[in-house]
Amino acid sequence: MGIMSKILGGSGSRSVDDYVELDSDDFADAHAETGTQVHFAEIADQSDVIPIKDAVYDGDFVIADITRHSTSDRTIEHVYDELRQVVQEVDGDIVQKGDDQIIVTPTGVKVSRQKL
């Protein structure tokens with residue numbers, strides 16, 4: 001079986017020996033060299049915005065859980081305003097995914113509003 005058959009899934013049966021188990025410890029050094037990270041956060045009150053802003057200024061993505069707030073909540077309106085200001089300063093993007101998440105991106109990264 002040639003390499004293209006393996007990649008494209010040509011005919012032939014597979015066995016356990018065809019697969020390699022990966023250990024995440026083998027990749028620990030690769031994480032140290034990564035420039036951009038994705039952070040997960042929860043927004044319970046106004047003070048939770050500070051580490052999110054710091055992460056975006058540092059060039060990282062943030063996915064924030066806002067399930068504790070309704071979209072008409074005054075606190076979340078202030079949070080949106082602060083994060084929009086950060087996004088404008090760094091030329092990033094901010095979108096709300098459903099009723100429970102906000103995605104904030106760093107400089108030069110835009111979030112598509114269309115599903116694949």
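By the naming in an unreviewed UniProt entry, the chain is Cell division protein SepF, taken from Halorubrum salinarum.

## Regarding the pairing of strand β4 (residues 101-105)
In terms of burial, β4 is largely enclosed, as four of its five residues are buried. As judged from the four bridges shared by strand β2 (residues 61-65) and β4, these two strands associate in the antiparallel manner. Looking at the pairing, Ile 63 lines up with Ile 103 of β4. Pairing geometry for strand β3 (residues 93-97) and β4, over five bridges, is antiparallel. If you follow Asp 93 over to β4, its bridge partner there is Thr 105. Turn length for the β3-β4 hairpin, with the two strands adjacent in sequence and antiparallel, is three residues, and the turn residue Gly 98 shows positive phi of about 65°.

Procedures and definitions
- Residues numbered from 1 in each chain as written.
- Predicted model: local features only at pLDDT ≥ 70, side-chain atom pairs only at ≥ 80, totals over all residues.
- Heavy atoms only, no water.
- Buried < 20%, exposed > 50% of the residue type's maximum accessible area, 1.4 Å probe, protein only.
- Helix = DSSP H or I, 4+ residues; strand = E, 2+ residues; numbered from the N terminus.
- Pairing = 2+ DSSP bridges.

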